[in-house]
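Structural overview for review
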Amino acid sequence: MIAAQTLEAGIGPRLGGTGRYECVIPAADRVGDDRTVDARPMESPLDALPRHDLIRHRRSEVMDEIGGQADRLEVDTGADHRGGLKRGWRSGETAARGVTAAGREALGDPHFEVSARTWRRWESGRPGWPREDYAVALHSGRWPEDLGFSVPAGWIRADHQEGAAEVNRRAFVSVTAAALTAGPIAPRHVDPALIDYFQQQLEGHYRADMLLGPHDLIGTVSAQYELIDRLVHVATGETRRGLLRVGAAYAALVGWLYQDAGDLGGASFWRGTTQEIAMRSRDRHLIAYSLVNQAQVRTDLGDGHGVVDLCEAALDGSGQLAPKVKVMALQQQAHGASLINDRAAVDRLIDQADGLLARVDDDLPWGNACRRTPCYLEVQRATCYGRLGLGAEADSLWRQVLDSVPATARRDRGVYLARHATAAAIARQPDHAVAIAREAAQIAVDTGSERMRRELTTPRHRMSPWHDAPVGHDLEEVLASVTARG
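Residues numbered from 1 in each chain as written. Predicted model: local features only at pLDDT ≥ 70, side-chain atom pairs only at ≥ 80, totals over all residues. Heavy atoms only, no water.

A word on the overall build of the protein
Helix and strand counts for the protein stand at 21 helices and three strands. Out of the 486 residues belonging to the protein, those deemed buried represent 51%. Residue pairs at least 24 apart in sequence account for 66% of intrachain contacts in the protein once pairs closer than 6 positions are excluded. On the protein, roughly 22,400 Å² of surface is accessible, and the fraction owed to carbon and sulfur atoms is 48%. (Helix = DSSP H or I, 4+ residues; strand = E, 2+ residues; numbered from the N terminus. Buried < 20%, exposed > 50% of the residue type's maximum accessible area, 1.4 Å probe, protein only. Contact = heavy atoms within 4.5 Å. Areas by Shrake-Rupley, 256 points an atom, 1.4 Å probe, with all protein chains shown as cover.)

Describing the side chain of Ser290
Structurally, Ser290 can be placed in helix H10 (residues 284-300). Its relative accessible area of 0% is what places Ser290 among the buried residues. Only 2.6 Å separates the side chain of Ser290 from the backbone oxygen of Ile287, close enough to count as a polar contact. Setting aside chain neighbours within four positions, we find Ser290 in contact with Thr274, Gln275 and Ala278. (Polar contact = N/O pair within 3.5 Å; in protein donor to acceptor, adjacent residues only side chain to side chain.)

Considering the nonpolar core
By size, the foremost hydrophobic cluster in this structure holds 104 residues, and its most contacted members are Leu243, Trp398 and Leu456. Per element, the largest residue contribution to this core is 13 residues, and it comes from helix H8 (residues 237-260). Contacts of Leu456, omitting those with residues within four sequence positions, involve Ala418, Ala437, Ala440, Ala441, Ala444, Leu479 and Val482. In this structure, Phe112, Val114, Trp119 and Trp122 belong to the second largest nonpolar core, which totals nine residues. (Core = buried A, V, L, I, M, F, W, Y, C linked by side-chain atoms within 4.5 Å.)

Here's the deal with helix H11 (residues 304-315)
With 12 residues, H11 should cover 16 Å at 1.5 Å per step; its first-to-last C-alpha distance of 17 Å lies within 8% of that length. Gly304, Gly306, Val307, Val308, Cys311, Ala314 and Leu315 are the residues of H11 that are buried. Of the surrounding secondary structure, the elements contacted by the buried residues of H11 are H10 and helix H12 (323-339). (Expected span 1.5 Å × (residues − 1).)

So, the packing of helix H15 (residues 376-387) against helix H16 (residues 391-402)
In the contact formed by H15 and H16, the axes pass within 8 Å of each other and the chain directions differ by 150°. Between H15 and H16, the interaxial angle falls into the category roughly antiparallel. Along this stretch, H15 crosses H16, giving a crossing that reads as left-handed. Between H15 and H16, the residues in contact are Glu378, Val379, Arg381, Ala382, Thr383, Tyr385 and Gly386 and Glu393, Ala394, Leu397, Trp398 and Val401, respectively. Grouping the constituent residues of the contact of H15 with H16 by class yields seven nonpolar, two polar and three charged. (Axes fitted to C-alpha atoms, helices over the stretch in contact; angles between N-to-C directions. Parallel < 35°, antiparallel > 145°, perpendicular 65-115°, else oblique. Left-handed = near helix turned anticlockwise from the far one by under 90°. Nonpolar A, V, L, I, M, F, W, Y, C, P; charged D, E, K, R; others polar.)

Considerations on helix H7 (residues 218-234)
The end-to-end C-alpha distance of H7 is 25 Å, a good match for the 24 Å that 17 residues give at a rise of 1.5 Å each. For H7, the set of buried residues is Ile218, Val221, Ser222, Gln224, Tyr225, Ile228, Asp229, Leu231, Val232 and Val234.

A closer look at the packing of H8 against helix H9 (residues 264-281)
When two helices pack together, you describe them by how their axes are tilted relative to each other and by the distance separating the axes. At a closest axis distance of 8 Å, the pairing of H8 and H9 adopts a crossing angle of 165°. The pairing of H8 with H9 is recorded here as roughly antiparallel in orientation. Viewed along their axes, H8 and H9 form a crossing whose handedness is left-handed. Across the contact of H8 with H9, the residue classes break down as 12 nonpolar, seven polar and five charged.

As for the packing of aromatic side chains
Taken as a whole and judged by the stated rule, the model has six aromatic pairs. For the pair Tyr289 and Trp366, a centre-to-centre distance of 4.4 Å together with 25° between the ring planes defines the contact as stacked. With Tyr289 in helix H10 and Trp366 in the loop between helix H13 (343-357) and helix H14 (369-372), this pair connects stretches of sequence that are 77 residues apart. Each member of the pair, Tyr289 as well as Trp366, carries the same accessibility label: buried. Each member of the aromatic cluster is reached from another via a ring pair, and the members are Tyr197, Phe198 and Tyr250. Against the face of Trp366 rests Lys324, its NZ or CZ located 5.0 Å from the ring centre. For Arg343, the ring lying beneath its charged end belongs to Tyr385, and the centroid distance is 4.8 Å. (Phe/Tyr/Trp six-rings, centres within 6.5 Å; stacked < 30°, edge-to-face > 60°. Lys NZ or Arg CZ within 6 Å of the ring centre and 35° of its normal.)

With respect to the environment of Ser481
Structurally, Ser481 can be placed in helix H21 (residues 470-485). By relative accessible area, Ser481 is classed as partly exposed at 38%. Counting along the chain gives 39 residues from Ser481 to Gln442, while the straight-line C-alpha distance between them is 7.9 Å. Not counting residues within four places of it along the chain, the set of residues in contact with Ser481 comprises Ala441 and Val445.

Description of unusual backbone geometry
One non-glycine residue, Asn341, adopts positive backbone phi at about 65°. Along the polypeptide, Asn341 turns up in the loop between H12 and H13. Judged by relative accessible area, Asn341 falls into the exposed class, the value being 60%.

Re the environment of Asn368
Along the polypeptide, Asn368 turns up in the loop between H13 and H14. Between the alpha carbons of Asn368 and Val325 there is a distance of 9.5 Å; along the sequence they are 43 residues apart. Residues in contact with Asn368, not counting those within four places in the same chain, are Lys324 and Asp362. Separated by 3.0 Å, the side chain of Asn368 and the backbone oxygen of Leu364 make a polar contact.

A few points about the environment of Leu377
Mapping Leu377 onto the fold places it in helix H15. When the C-alpha atoms of Leu377 and Ala353 are compared, they prove to be 7.8 Å apart, with 24 residues separating the residues in sequence. Excluding residues that lie within four positions of it along the chain, Leu377 makes contacts with Val327, Gln331, Ile350, Ala353, Asp354 and Leu357.

Overview of the confidence of the model for the protein
Confidence in the prediction of the protein, expressed as mean pLDDT, is 75, and 69% of residues score 70 or more. Taken together, the stretch residues 1-84 has pLDDT below 50 and engages in 172 contacts with residues farther than four places along the chain or on a different chain. (pLDDT = per-residue confidence, 0-100.)

Here we look at the pattern of salt bridges
The tally for this structure, following the rule as stated, stands at 19 salt bridges. With a shortest N-O distance of 3.0 Å, Arg419 and Glu455 are connected by a salt bridge. With Arg419 in helix H17 (residues 410-426) and Glu455 in helix H19 (residues 450-455), this residue pair connects regions lying 36 residues apart in the sequence. You can call Arg419 buried: its relative accessible area is 14%. With a shortest N-O distance of 3.2 Å, Arg460 and Glu476 are connected by a salt bridge. Pair noted here: Arg460 is in helix H20 (residues 457-462) and Glu476 is in helix H21, with a separation of 16 residues, a long-range link. One network of salt bridges, in which partners are shared, links Arg343, Asp347, Asp351, Glu378, Arg381 and Glu393. (Salt bridge = Lys/Arg side-chain N within 4 Å of Asp/Glu carboxyl O.)

Written out as structure tokens, the structure is:
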């Protein structure tokens, strides 16, 4: 169900071949009293849609909506909605009032309002994605992506649940504990050799991340960051500066692990920590790198303009930057351009980065994905093309990329496969899309990567034209294991 004033009560069996259902208000219950409407067991595709768990309307209000006299009310479900948006309202105006009431209570905003025109746009064959407050108002056990809306890149649902405040508090303490060393630290000598030690460990963590995924590494890497931070408190001179630089790299990795685990709040906190330490180190390369890290989070949030702003800031005075940092900033800016539907900028930025790639020869221990990842820039181009809806072009690029991915990059392979499945669906190759998604789903289960799980929601929505076909059912079966994992 979408929102409050749906006539769930007694939705009955389908009327033969009409695409319509009948809503029966029992004669004994036609008195406008204060009891909550109870729904009978339903035998339609609407059965799968749970009732709203926050807003329950008095029976008298429901009776007012249908005039208080009718024994039966036919509800047109619409052949193309599959039990999605049409949920028993007699008109767009009534529907808009229902969603408005739901939104005001869920958002705590007495001024929130949805117009009938907006509702009618949602009922169209290609509804635009609702903005965040509308999405919360629509939520009633199912989110907009479950109701037929096409999910934009970076959509993260903000699930509401009992005890959320306490859970969030505990989660915040867990996320920040390693980063916030409180109180005085006992003086001690800090050997400069520790800088090389932590740098060598960092490369091992990068390799382990590709094999394990985030959950098994967050504790290990954040604990090492905590040790580095404690040493920074008592180190002096160049040793302290060196520890700050390596500490920024560790903070960036912890931020990435939280991002890969689907915790964008934790990721944003650690990206901010990275930026603070980079500023303290006075290292221009690290400062630009920290801005690119922030842009990665904005990419996952679907904020194209924010991505572009941060990458342009990173590239200010780029004549002083190492080629590797420029490559990172340019390719990330291309992602921002794809989010604002600017294909020309995507190609220009990635081509510009490609011209710099051969000059990457520094010995910096961080940000080496462009050297470590085969076909690095073609991966970015294919991702951007998929986001732009260029299915055939993205499909061709993913075929080339996946042939070069080594066995040691299993997590990356899973992400690429999920994106390739989306490209195949856009290119109207549903069987090919399902075959690709099957391999990606297994990797998602093995690694526990929430990022990969989110990537796999996109082919599901791109496959909506085949929702009722056998290939659509095959995809749901493939993705069931991923859903069960979470």
